Amino acid sequence: MRSNLYGAALRIDLRRGRLAQIQPGAYRQQLHAALTQARRSATGRIRSQHLSVLPDAAREDLGAPGSTPAEGLYEVLQEIRAILLTGADTA
């Protein structure tokens, strides 16, 4: 899952589009920090503060409608969310 998240997060442009305009600003900063961490952690762990933000991010918060990178990231996040909710161990 980490490598899937890493690859999907790399395709997202954090400086433009919907991610740059999300309100409130505190949520935008948390989501930006979480995605930045995901982009750095192909094999490492993602901190719980970041993991608490990503799975609940709305699809529209990840990019424009029809954006293939945003859709890919959302699908990975939904898989992670399902794993977290079921308590499955992926180690």
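Our subject is the structure that appears above.
This is a predicted model, so every value here is computed, not measured.

1. So, the overall build of the chain
Point 1. Scanning the chain from N- to C-terminus turns up four helices and zero strands.
Point 2. Start at the N end of the chain and walk to the C end: the helices and strands fall as α-α-α-α.
Point 3. For the chain, restricting intrachain contacts to residue pairs at least 6 apart in sequence, the fraction spanning at least 24 positions comes to 58%.

2. Overview of the pattern of salt bridges
Point 1. By the definition in use, this model includes two salt bridges.
Point 2. We note a salt bridge from Glu71 to Arg59, for which the minimum N-O separation is 3.0 Å. With a gap of 12 residues between them, Glu71 in helix 4 (residues 68-86) and Arg59 in the loop between helix 3 (48-51) and helix 4 connect regions that are remote in the sequence.
Point 3. Owing to a relative accessible area of 33%, Glu71 belongs among the partly exposed residues under this scheme.
Point 4. Looking at Arg59, the relative accessible area reads 15%, which means it is buried.

3. As for the nonpolar core
Point 1. Membership of the largest hydrophobic core comes to 22 residues, with the highest contact counts inside it found for Leu5, Leu19, Leu31, Leu35, Leu54, Leu62 and Leu73.
Point 2. Listed by contribution, the elements that provide at least two residues to this core are helix 1 (2-10), helix 2 (25-40) and helix 4.
Point 3. Not counting residues within four places of it along the chain, the set of residues in contact with Leu5 comprises Ala38, Ile46, Leu54, Leu73, Val76, Leu77 and Ile80.

4. Structural notes on the side chain of Arg59
Point 1. Of note is the side chain of Arg59, whose polar atom sits 3.0 Å from the side chain of Glu71.
Point 2. In contact with Arg59, other than residues within four places in its own chain, are Ala64, Pro65, Gly66, Ser67, Ala70, Glu71 and Tyr74.

5. Thoughts on the packing of helix 1 against helix 4
Point 1. Remark: helix 1 packs on helix 4, axes separated minimally by 8 Å, with the N-to-C direction vectors making an angle of 155°. The angle between the axes of helix 1 and helix 4 places the two elements in the roughly antiparallel class. As helix 1 runs across helix 4, the sense of the crossing is left-handed. Only Gly72, Leu73, Val76, Leu77, Glu79 and Ile80 of helix 4 make contact with helix 1, whose side of the interface consists of Asn4, Leu5, Ala8 and Ala9.
Point 2. In terms of residue class, the contact of helix 1 with helix 4 is built from seven nonpolar, two polar and one charged.

Conventions and cut-offs
Residues numbered from 1 in each chain as written. Predicted model: local features only at pLDDT ≥ 70, side-chain atom pairs only at ≥ 80, totals over all residues. Heavy atoms only, no water. Helix = DSSP H or I, 4+ residues; strand = E, 2+ residues; numbered from the N terminus. Contact = heavy atoms within 4.5 Å. Salt bridge = Lys/Arg side-chain N within 4 Å of Asp/Glu carboxyl O. Buried < 20%, exposed > 50% of the residue type's maximum accessible area, 1.4 Å probe, protein only. Core = buried A, V, L, I, M, F, W, Y, C linked by side-chain atoms within 4.5 Å. Polar contact = N/O pair within 3.5 Å; in protein donor to acceptor, adjacent residues only side chain to side chain. Axes fitted to C-alpha atoms, helices over the stretch in contact; angles between N-to-C directions. Parallel < 35°, antiparallel > 145°, perpendicular 65-115°, else oblique. Left-handed = near helix turned anticlockwise from the far one by under 90°. Nonpolar A, V, L, I, M, F, W, Y, C, P; charged D, E, K, R; others polar.

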